[in-house]
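Overview (structure and organization)
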Amino acid sequence: TQPNHQHHLLAQWVSQYRAATKEGQCANYIPALAKKDPNQLAVAIVGTEGHEIKAGDTEELFTLQSVSKVITFILACMDRGLPYVLERVDVEPTGDTFNSIIRLESHQPGKPFNPMINAGAITVSSMLAGHSPQEKVTKILQFLEQIIGKQLSINEEVFQSEWQTANRNRALAYYLMDSGFLDCPVEAALEVYLKQCAIEVNVSDLAMIGLVIANDGYHPLLKKQLFPKQVAKLAKALMVTCGMYNASGKFAAFIGLPAKSGVSGAILAAVPGHAGLHSPFPTGCGIGIYGPAIDPIGNSVAGVQLLKQLATEWDMTIF
Ligand code: GLN
């Protein structure tokens, strides 16, 4: 297929699946997210040579939310080494909602099940190198800025909005502290976690992050290994098993890509080379999607349908 044809197809799919935004709602437990335009839908795909196709509301900025959990997991592994990280957070899916508290007491007391749920992500954020929340956040920003190649910022309104309503995340963090799974004070861990969630990007930025993860940590445009292959493999396994919250099983079964969603309506997907073989991106690609109307589990309704369409049409499953 020719590039123009791909563009055209993508635009056609975006307009087709935009109707599905009606089946969801913007996250309403975070006041600043509740007022986003629920009809928006955007997608960007970037390949290993840097060519990009995109369609829909591609200029729209949105916050990373839970997509940031993949990034901080990678960073914590680089800062502390895998054994240290894995001693403090497991790699098992829960089947519970992302902010569930119920299993914290059922596993080896207090050890969070995986880094893709809030409990695990707060633990991971507390482990990042840096003496203050600001230092840790700066490191996250610098890491992402290197991947994306532009300056990023934190949406202060979204951060404040969450900071002031973070009762459940505070409860999780206090529990983690009590059982010895926090490496820094509760408020500091929460500040890092909620700031990483409020980092603002567009779909092209998400696609670039997905591309580097797809390529096992190698940035094909910078021609540089940004994080170890082993860490990238682990991140992808976590994305497949836990990335779409308690819909990860269905997502793996019917779409078959390592992906991570956020309650902002963001989805990041990584298509390794072998999975892209029969697609317009035969050496792999990264996909960024934004559709703020989410389902009760927390995944973009139209985003998941759009991703399913293109992954099916282009036979992108990793299986
Ligand atoms: N900041 C959000 C929270 O902690 C992120 C959750 C998400 O995207 N699932 O609740």
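So, a few notes on the structure that sits alongside this text.

Criteria and thresholds
Residues numbered from 1 in each chain as written. Predicted model: local features only at pLDDT ≥ 70, side-chain atom pairs only at ≥ 80, totals over all residues. Heavy atoms only, no water. Salt bridge = Lys/Arg side-chain N within 4 Å of Asp/Glu carboxyl O. Helix = DSSP H or I, 4+ residues; strand = E, 2+ residues; numbered from the N terminus. Buried < 20%, exposed > 50% of the residue type's maximum accessible area, 1.4 Å probe, protein only. Contact = heavy atoms within 4.5 Å. Axes fitted to C-alpha atoms, helices over the stretch in contact; angles between N-to-C directions. Parallel < 35°, antiparallel > 145°, perpendicular 65-115°, else oblique. Left-handed = near helix turned anticlockwise from the far one by under 90°. Nonpolar A, V, L, I, M, F, W, Y, C, P; charged D, E, K, R; others polar.

1. Describing the pattern of salt bridges
- Inspection of every chain in the model, using the stated rule, returns 10 salt bridges.
- For Glu-157, the salt bridge is made with Lys-35, and the minimal N-O distance between the two is 2.6 Å. Linking Glu-157 in helix α7 (residues 156-165) with Lys-35 in the loop between α2 (31-34) and β1 (42-47), this pair joins segments that are 122 residues apart in sequence.
- Of the residues examined, Glu-157 reaches a relative accessible area of 43% and is grouped as partly exposed.
- For Lys-35, a relative accessible area of 59% puts it in the exposed group.

2. Looking at the side chain of Asp-205
- With respect to the secondary-structure elements, Asp-205 resides in helix α10 (residues 203-214).
- When neighbours within four sequence positions are excluded, Asp-205 is seen to be in contact with Ile-148, Lys-150 and Leu-152.

3. Some details on the packing of helix α3 (residues 68-80) against helix α5 (residues 118-127)
- With their axes 9 Å apart at the nearest point, α3 and α5 run at an angle of 40 degrees to one another. Between α3 and α5, the angle is such that the two are oblique. Relative to α5, α3 is oriented so that their crossing is left-handed. Contacts from Lys-69, Thr-72, Phe-73, Ala-76 and Arg-80 in α3 reach Asn-118, Ala-121, Val-124, Ser-125 and Met-127 in α5.
- Tallied by class, residues from the contact of α3 with α5 come to five nonpolar, three polar and two charged.

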